[in-house]
Amino acid sequence: MAFDKWFNKQSTLLKVILLILPVVGWIMELLIRLSVMLRTKSLVHIIVFVCFLLIGWGWFLGVIDLIYMIVTGHLILAD
């Protein structure tokens, strides 16, 4: 599953649009984190995925990820 690689290749404007939409943004972040977790099988990525799954539906983590993505080009702990 290379969904995270596909997402990182997109333009910053498209990434912002995909992340800023309420339900679509949560689904996108969930798929990206799932893709990174399955690709790396790292304990850190597994913990981040589970944490995002449990508390990532809130707007706070989405805003932090959006700002971080604008600055760096990828989500927090999803590179």
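It should be noted that the structure appears before, not after, this text.
Residues numbered from 1 in each chain as written. Predicted model: local features only at pLDDT ≥ 70, side-chain atom pairs only at ≥ 80, totals over all residues. Heavy atoms only, no water.

Trainee: I keep staring at the environment of valine 48 and nothing clicks. Help me out?
Mentor: Within the secondary structure, valine 48 is located in helix α4 (residues 43-55). According to the relative accessible area criterion, valine 48 is buried, its value standing at 18%. Spatially, the C-alpha atom of valine 48 lies 16 Å from that of tryptophan 59, the residues being 11 residues apart in sequence. (Helix = DSSP H or I, 4+ residues; strand = E, 2+ residues; numbered from the N terminus. Buried < 20%, exposed > 50% of the residue type's maximum accessible area, 1.4 Å probe, protein only.)

Trainee: I'm lost on the environment of asparagine 8 in this one. Help?
Mentor: Mapped onto the elements, asparagine 8 comes out in helix α1 (residues 3-9). A residue is classified by how much of its surface remains accessible, and asparagine 8, at 30% relative accessible area, is partly exposed. Measuring from C-alpha to C-alpha, the distance between asparagine 8 and alanine 78 comes to 9.7 Å, with 70 residues separating the pair along the chain. Residues contacting asparagine 8, with those up to four places away along its chain left out, are Lys15, Gly73, His74 and Ala78. (Contact = heavy atoms within 4.5 Å.)

Trainee: Explanation requested: the packing of helix α2 (residues 12-20) against helix α5 (residues 59-72) in the structure shown.
Mentor: Helix packing for two helices is described by the angle between their axes and how far apart those axes are. Following both chains from N to C, one finds α2 and α5 inclined at 175°, their axes separated by 10 Å at the closest point. With respect to their mutual orientation, α2 and α5 come out roughly antiparallel. Contact residues: α2 offers Thr12, Lys15, Val16, Leu19 and Ile20, while α5 offers Leu66, Met69 and Ile70. When its residues are assigned to classes, the contact of α2 with α5 shows 6 nonpolar, 1 polar and 1 charged. (Axes fitted to C-alpha atoms, helices over the stretch in contact; angles between N-to-C directions. Parallel < 35°, antiparallel > 145°, perpendicular 65-115°, else oblique. Nonpolar A, V, L, I, M, F, W, Y, C, P; charged D, E, K, R; others polar.)

Trainee: Looking at this structure, how should I read the packing of aromatic side chains?
Mentor: Ring pairs (aromatic) are described by centroid distance and by the angle formed between their planes. Summed over the entire model, instances satisfying the criterion amount to 1 aromatic pair. Ring geometry for phenylalanine 3 and tryptophan 6: centres 5.4 Å apart, planes at 35°, overall tilted. In this pair, phenylalanine 3 and tryptophan 6 are both assigned in helix α1, 3 residues apart and thus about one turn of the helix distant. Looking at tryptophan 6, the relative accessible area reads 40%, which means it is partly exposed. If you follow lysine 15 out to its NZ or CZ, it ends over the ring of phenylalanine 7, 5.8 Å from the centre. (Phe/Tyr/Trp six-rings, centres within 6.5 Å; stacked < 30°, edge-to-face > 60°. Lys NZ or Arg CZ within 6 Å of the ring centre and 35° of its normal.)

Trainee: What is the right way to read the side chain of histidine 45 from this model?
Mentor: Among the structural elements, histidine 45 can be located in helix α4. In this structure, histidine 45 is in contact with Val36, Met37, Thr40 and Leu77, ignoring residues within four places of it in sequence.

Trainee: So what exactly am I meant to see when it comes to the pattern of salt bridges here?
Mentor: A side chain with one charge can pair with a side chain of the opposite charge if their charged atoms come near. Considering all chains together, one arrives at 3 salt bridges under this definition. Here glutamate 29 and arginine 33 are joined by a salt bridge, their closest N and O atoms 3.9 Å apart. Note that glutamate 29 and arginine 33 are positioned in helix α3 (residues 22-40) at a spacing of 4 residues, about one turn of the helix. Notably, a salt bridge pairs aspartate 65 with arginine 33, separated by 2.7 Å at the nearest N-O pair. Residue aspartate 65 is found in helix α5, and its partner arginine 33 is found in helix α3; the two are separated by 32 residues along the sequence. (Salt bridge = Lys/Arg side-chain N within 4 Å of Asp/Glu carboxyl O.)

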